[in-house]
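Listed below, chain by chain, are the residues.
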Amino acid sequence: MLTRKLWRDLRSLAGQTAAIALVVIGGTAMMVMALSNYFALAETRERFYNEYRFADVFARLERAPSGLLARIASIPGVRAAESRVVGAARLELDGYREPVTAQLISLPAPQTSLNRLFLRHGRLPDPLRDDELVLGEAFAAAHDLGVGDQLVTVLNGRRQRLRIVGIGLSPETIYQIRPGDLLPDFERFAIAWMAREPLARAFDLDGAFNDVVVALDRDASEHDVIDRLDALLARYGALGAHGRDLQMSHRFLDGELGQLRTMTLLFSIIFLAVSAFLLNIVLGRLIGLQREQIAVLRAFGYSRWQVGAHYAQLALAMVGSGVVPGLAVGLWGGRGLANVYMAFYSFPYLEWSLRPSVLLLSVGFAALVAAIGTLAALRRAFRLAPAEAMRPEAPPVYRRSLLERIGLLRPAADTKRSGSVAGRVRGVLDSLFDPTARMLLRSLERRPWRTGLTVAGIGMACGVLVMSRFQAGAIEHMISVQFGLAQRDDLMVALVEATAGDSMHELAALPGVLAVEPFRSAAVILRHQHREYRSAIQGLGADGDLKRVLDSSLQPVTLPRHGLLLTDYLADMLHVVPGDLLDLEFIEGRRRTVRAPVAGTVNEFLGVGVYADRHYLNRLLGEGDSVSGAWLALDPLARDHLLDELHRRPRIASLTDRAAMVDSFRETMAEGILTFTLVASLLAGSIAIGVVYNSARITLSERSRELASLRVLGYTRREIRALLAGELLTLAFLALLPGAVLGYLMSAWLVRAFESDLYRIPLVIAPSGYAFAALLVLAATGLSLLLLRRRLDHLDLVAVLKSKE
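Nothing here was measured: the structure is a model prediction, and the numbers come from that model. (Residues numbered from 1 in each chain as written. Predicted model: local features only at pLDDT ≥ 70, side-chain atom pairs only at ≥ 80, totals over all residues. Heavy atoms only, no water.)

A. How the structure looks around the sheet that holds strand β11 (residues 242-243). With antiparallel pairing, 4 strands are arranged side by side in an open sheet as β2-β10-β1-β11. Both outer strands of the open sheet, β2 (78-84) and β11, are each paired with one neighbouring strand and no more. When strand β1 (residues 57-65) meets β11, the two strands line up antiparallel, connected through 2 bridges. Looking across to β11, one finds that Phe58 is bridged to His242. (Pairing = 2+ DSSP bridges. Helix = DSSP H or I, 4+ residues; strand = E, 2+ residues; numbered from the N terminus.)

Structural data, given as structure tokens:
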């Protein structure tokens, strides 16, 4: 019998069940999408690393004899070691005038060592030929290049034509990024592999190497191996060995996995809270309406546990109706998101599947929602005594509204008029608040808990909508600050090695160059107490305008004559404040160790930086006036000719176009951000519709007798609709302000969870984000009213009026 009642209740609550299921579908789908892709990326990376022997320790140096490799391999804890030749080159493509740089990596012969190459097409280069290479798949796809095509390269100042014999991928370049950049640029940066001998000859490294990778034993201490390796390579111009945590590709991919974990946690908590909230409201009010039925069940011998189990089954059925569709939507969306990751990361394959653990977590999520959402309602059903349940629930005590009690509104029967200012104000309010509006105010005020819970539910939906939209505006703010206020150059020129500052006169003399601002960059390890961070100090000109550092108010900061400026995030990582001393270990040039004071902090969203006056940095390095490159301002009409001139200069290592960087930033971030925004907006919209529709249905159920009474007293259907619409729209408007605050707080949580030394998303929410959330909530309210119109217009007046008080 209870099972029959369960199915009857589900049919009568079809609308509320659908609304709850919609929210559960959103929460389950988000959980499945995020978790399935997290496990897919983690497992694919692990498999790729193992199969192609990704190294554990990496070290760059200037030049070391090949015989040193045997001593490296004998370090305790080293399982395998491989020396390589790695160098930068410029590429020239027919019909493509933008500056293109490449990183060339030597291949072992035979390829049985570390960081092996996965060949998508073609073959490996012939060790006896010096004109063959394997090109990275991302760059090849961006320029539609394939096996047999040719590239013109500038290797160590010498032009050479190379033929593509293969398209490949490597575990060390899953996240393909140019040194110094923060985002991939597949059109302007390439990874390529050549045979060892021809590449060594091109860079004058016959019988030598400038890069080494090491694999460790399972129980080896990475820290000890790095210390021994640094000591061994110190005399050969080493830049400091490091583990996978500082390897660029691995580091960025780790950040992506961390964001997926954060997104899963955040949205699971949000959807759990909203679903539980809806269930609590629905079942709480249902038990209130079914008090007499509960009394009859108890009178006929059903125990408290049986009645409680009946309503628990109802809750599980409501929640369970959204689990299977949620899994289906999550599978579909997860697979689509996986395709985005495949296009963004250089994986040879993707191990994507729905793990049993994800399925169990989704079911557990639904069960937890049912348990949390029905706990209070089940307690009421469990404790309700038959005699008490036989009596209808006491109606709220009638009283005038708050506006009437404080004198801003006259009672309806009061027809007196007053000429005073207060009287005139009351007269104006009287004209605005007709009897329908007065009934609406009294209804909301008499049930403060119901009103508050409904406002809270709609506000939560509004908050999720605000959070789902804030990233798009935040990214635009990042672009405007980073590339509009801080970095204002047209082109950045990086030199092969530091050179005298007088060389900048040659750049300034080129036709089309409007301004030149030289800089000196030096790799360094920053230490404070037991904390350290590997970075680079940027030495800037004191009166620079093309590259500026900004404070927290986004105003340019004047560089101190003595001391360093640190990004505020880096200062927090090292636990330093202005006035503290930092130990600086330079890992290039003379490798000096000095102390420098922290003069202040600056604000940046991309990466973490250390800035100083260029002449002060040169003194710390023990050098004269030297530069590592320059920022240029160009005449747009002379740009193409100037690029040709710069391409012919062998001492220039790379050219970075600011406009191209902005385009790459937009393209790279847009795909991920737009995908997230679209999914989050759809799921947040499902919350809004579910909450508002549920509130509307419950309000109609609770007030059906009151509305039918008004119809009998002469109110038209239109007036009844206006009464219900006014109440729901009032609740929606009341929820907009707390919803905006909640959205801001959730966005702050998301920002805090996503921040790292790679980038920080600013907590900037555009007005359009709040407007979008408000309009969608109001649209959901309007849609709910349309769905309820037929039910409202066809109230059975006789049946409603015959119901017991």
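B. A look at the nonpolar core. If you look at the biggest cluster of nonpolar residues, it comprises 131 residues, and the most contacted ones within it are Phe48, Leu279, Leu314 and Tyr345. Residue contributions to this core peak at 19 residues, all from helix α7 (residues 248-289). Contacts of Phe48, omitting those with residues within four sequence positions, involve Arg53, Phe118, Leu169, Ser170, Pro171, Ile174, Ser346, Phe347, Pro348 and Tyr349. (Core = buried A, V, L, I, M, F, W, Y, C linked by side-chain atoms within 4.5 Å. Buried < 20%, exposed > 50% of the residue type's maximum accessible area, 1.4 Å probe, protein only. Contact = heavy atoms within 4.5 Å.)

C. A look at the pairing of β1. Here 6 bridges tie β1 to strand β10 (residues 208-216), and the two strands are oriented antiparallel to one another. Counterpart to Ala64 in the pairing with β10 is Phe209.

D. The arrangement of the environment of Ser357 in detail. With respect to the helices and strands, Ser357 occurs in helix α11 (residues 356-383). Residue Ser357 is classed as partly exposed on the basis of its relative accessible area, which comes to 28%.

E. Region of the structure containing the packing of helix α16 (residues 448-486) against helix α22 (residues 717-754). Contact pair α16 / α22: the axes reach a minimum separation of 5 Å and the direction vectors enclose 45°. Comparing their axes, α22 and α16 come out oblique. Relative to α22, the crossing made by α16 is right-handed. Here the contact of α16 with α22 is built from residues that sort into 21 nonpolar, 8 polar and 2 charged. (Axes fitted to C-alpha atoms, helices over the stretch in contact; angles between N-to-C directions. Parallel < 35°, antiparallel > 145°, perpendicular 65-115°, else oblique. Left-handed = near helix turned anticlockwise from the far one by under 90°. Nonpolar A, V, L, I, M, F, W, Y, C, P; charged D, E, K, R; others polar.)

F. The pattern of salt bridges, seen in detail. Counted by the stated rule, this structure contains 21 salt bridges. Connected through salt bridges with shared partners, the residues Arg123, Arg129, Asp131, Glu132 and Arg163 form a single ionic network. (Salt bridge = Lys/Arg side-chain N within 4 Å of Asp/Glu carboxyl O.)

G. Layout of a nonpolar patch on the surface. Judged by side-chain polarity, Leu22, Ile689, Leu783, Leu786 and Leu787 come together as a nonpolar surface patch covering roughly 430 Å² of accessible area. The dominant element in the nonpolar patch, judged by the number of residues it contributes, is helix α23 (residues 767-793), at 3 residues. Here Leu783 is to be found in helix α23. Its relative accessible area of 38% is what places Leu783 among the partly exposed residues. (Patch = residues over 30% accessible without salt bridge, like charges linked within 9 Å, V, L, I, M, F, W, Y side chains within 5 Å. Areas by Shrake-Rupley, 256 points an atom, 1.4 Å probe, with all protein chains shown as cover.)

H. Main features of the side chain of Ser362. By the secondary structure assignment, Ser362 is in helix α11. Taking the relative accessible area as the measure of exposure, Ser362 reaches 0% and is therefore buried. When residues no more than four places from it in sequence are discounted, the contact partners of Ser362 are Thr28, Met31, Val32 and Leu327.

I. Focus on the pairing of β2. The element β2 is extensively covered by neighbouring structure, given that 6 of its 7 residues are classed as buried. Where β2 meets β10, 6 bridges bridge the pair, whose relative direction is antiparallel. Each residue of the ladder has a partner; that of Glu82, found in β10, is Val213.

J. The environment of Phe189, seen in detail. With respect to the helices and strands, Phe189 occurs in strand β9 (residues 189-195). For the pair formed by Phe189 and Ser654, sequence separation is 465 residues and the distance between their alpha carbons is 10.0 Å. Excluding its chain neighbours within four sequence positions, the residues that come into contact with Phe189 are Thr101, Ala102, Gln103, Phe139, Gln176, Ile177, Arg178 and Pro179.

K. Spatial organisation of α23. Between the first and last C-alpha of α23 there are 38 Å, a value that for 27 residues agrees with the 39 Å anticipated at 1.5 Å per step. At Leu787, α23 shows its largest bend, some 35°. Residues Gly769, Ala773, Ala774, Val777, Ala780, Thr781, Ser784, Leu785, Leu788, Leu792 and Asp793 constitute the buried set of α23. (Expected span 1.5 Å × (residues − 1). Bend = angle between axes of the 7 residues up to and from the residue.)

L. How the structure looks around the packing of aromatic side chains. Counting across every chain of the model gives 8 aromatic pairs. Seen from their ring centres, Phe48 and Tyr349 are 6.3 Å apart, and the 70° between their planes marks the pair as edge-to-face. Highlighted residues: Phe48 in helix α2 (residues 14-51) and Tyr349 in the loop between α10 (323-344) and α11, separated in sequence by 301 residues. The two residues Phe48 and Tyr349 agree in class, both being buried. (Phe/Tyr/Trp six-rings, centres within 6.5 Å; stacked < 30°, edge-to-face > 60°.)

M. Spotlight on the environment of Asp211. Within the secondary structure, Asp211 sits in strand β10. Note: C-alpha distance between Asp211 and Glu62 (149 residues apart in sequence) is 8.2 Å. Asp211 has contacts with Ala59, Arg60, Leu61, Glu82, Ser83, Arg84 and Val86, leaving out every residue within four places of it along the chain.

N. Examining the packing of helix α1 (residues 2-12) against helix α9 (residues 304-320) more closely. The N-to-C vectors of α1 and α9 enclose an angle of 40°; their axes lie 10 Å apart at closest approach. One way to sum up the angle between α1 and α9 is to call them oblique. In terms of crossing hand, the pair formed by α1 and α9 is right-handed. Listed contacts from α9 to Leu2, Lys5, Leu6, Asp9 and Leu10 of α1 are Gln306, His310, Tyr311, Gln313, Leu314, Ala317 and Met318. Of the residues contributing to the contact of α1 with α9, the split by class is 7 nonpolar, 3 polar and 2 charged.

O. Just unusual backbone geometry, in detail. Of note, the phi angle at Arg53 is positive, near 55°, even though the residue is not glycine. Position of Arg53 among the secondary structure elements: in the loop between α2 and β1. Relative accessible area serves as the criterion here: at 27%, Arg53 is assigned to the partly exposed category. We note that Asn115 has phi near 50°; this positive angle belongs to a residue other than glycine.

Worth remembering: the numbers are spatial, not functional.
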